[in-house]
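# Secondary and tertiary structure notes
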Amino acid sequence: MTVILLGFLTGAALIVAIGAQNAYVLRQGLRREHVGVVIAICALSDVVLIASGVAGVGVVAGLHPRIIDLLTWVGAAYLVWFGLRSLWSARSSGALHAGEPRAAGSVALTAVALTWLNPHVYLDTVLMLGSVANQYGPQGRWLFALGAVTASGVWFTGLGLGARALAPLLSHPRTWQVIDVLVGLTMLAIAALLVLG
């Protein structure tokens, strides 16, 4: 049970950090638009990534650091594009009303891109969690992974569905402009940290 708890706490510490993926889950939760799809994509992606790290894929990425370099540049470019799009959205009148509804496929594709094109997800989830989990031996590592996966599911579900409770507070017209600006600046800051860091 202690290993599961350590996995939960370690996973939570990495997942809860403010980032592009969390900002998107929160935004979709506030919009009440395909929230279940976004939560499922983020949580299931973490299951795959954590399991890959625990199974040893992190070792392969560690042996080939250019993979991480490539992911860093692709991820940074995507974050810059997403950030600029959010800032552009903030200046238009459509941003005052949370935007037009988007098809589930478009929402899902954005969630997939924000998850899988983020180099931090490979560094944190695959390499770091995989390395820590493997310290607990053949059986303990999977208990650790269970804890980390549970943290992911709890976090994304709480963030996506909990955003609905904030909806009445966020119903003012300028709120969406502020959210778009904050999301845009967050994305650009994360992209800069990736390139500079």
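Attention here is on the structure that accompanies the text. Being a predicted model, the structure only gives us computed values, none of them experimental.

### Some words on the packing of helix α2 (residues 20-31) against helix α8 (residues 137-166)
Two elements in contact, α2 and α8, have axes whose closest approach is 7 Å; the angle formed by their N-to-C orientations is 40°. Classified by the interaxial angle, the pair formed by α2 and α8 is oblique. At the point where α2 passes α8, the crossing takes the right-handed sense. Contact with α2, carried on its side by Gln21, Asn22, Val25, Leu26, Gly29 and Leu30, involves Trp155, Phe156, Leu159, Gly160, Ala163, Arg164 and Leu166 of α8 and no other residues of that element. Class assignment for the residues of the contact of α2 with α8 results in eight nonpolar, four polar and one charged.

### Looking at unusual backbone geometry
Unlike most non-glycine residues, Arg32 shows phi in positive territory, near 55°. Take Arg32: it is sitting in the loop between α2 and α3 (35-55). If you check the backbone angles, His34 has positive phi at about 50° while not being a glycine. Relative to the assigned elements, His34 resides in the loop between α2 and α3. His34 sits in the partly exposed class, given a relative accessible area of 30%.

### With respect to the pattern of salt bridges
Counting across every chain of the model gives one salt bridge. The residue Glu33 makes a salt bridge to Arg31 at a minimum N-O spacing of 3.4 Å. Taking the relative accessible area as the measure of exposure, Arg31 reaches 16% and is therefore buried.

What counts as what
- Residues numbered from 1 in each chain as written.
- Predicted model: local features only at pLDDT ≥ 70, side-chain atom pairs only at ≥ 80, totals over all residues.
- Heavy atoms only, no water.
- Axes fitted to C-alpha atoms, helices over the stretch in contact; angles between N-to-C directions.
- Helix = DSSP H or I, 4+ residues; strand = E, 2+ residues; numbered from the N terminus.
- Parallel < 35°, antiparallel > 145°, perpendicular 65-115°, else oblique.
- Left-handed = near helix turned anticlockwise from the far one by under 90°.
- Contact = heavy atoms within 4.5 Å.
- Nonpolar A, V, L, I, M, F, W, Y, C, P; charged D, E, K, R; others polar.
- Buried < 20%, exposed > 50% of the residue type's maximum accessible area, 1.4 Å probe, protein only.
- Salt bridge = Lys/Arg side-chain N within 4 Å of Asp/Glu carboxyl O.

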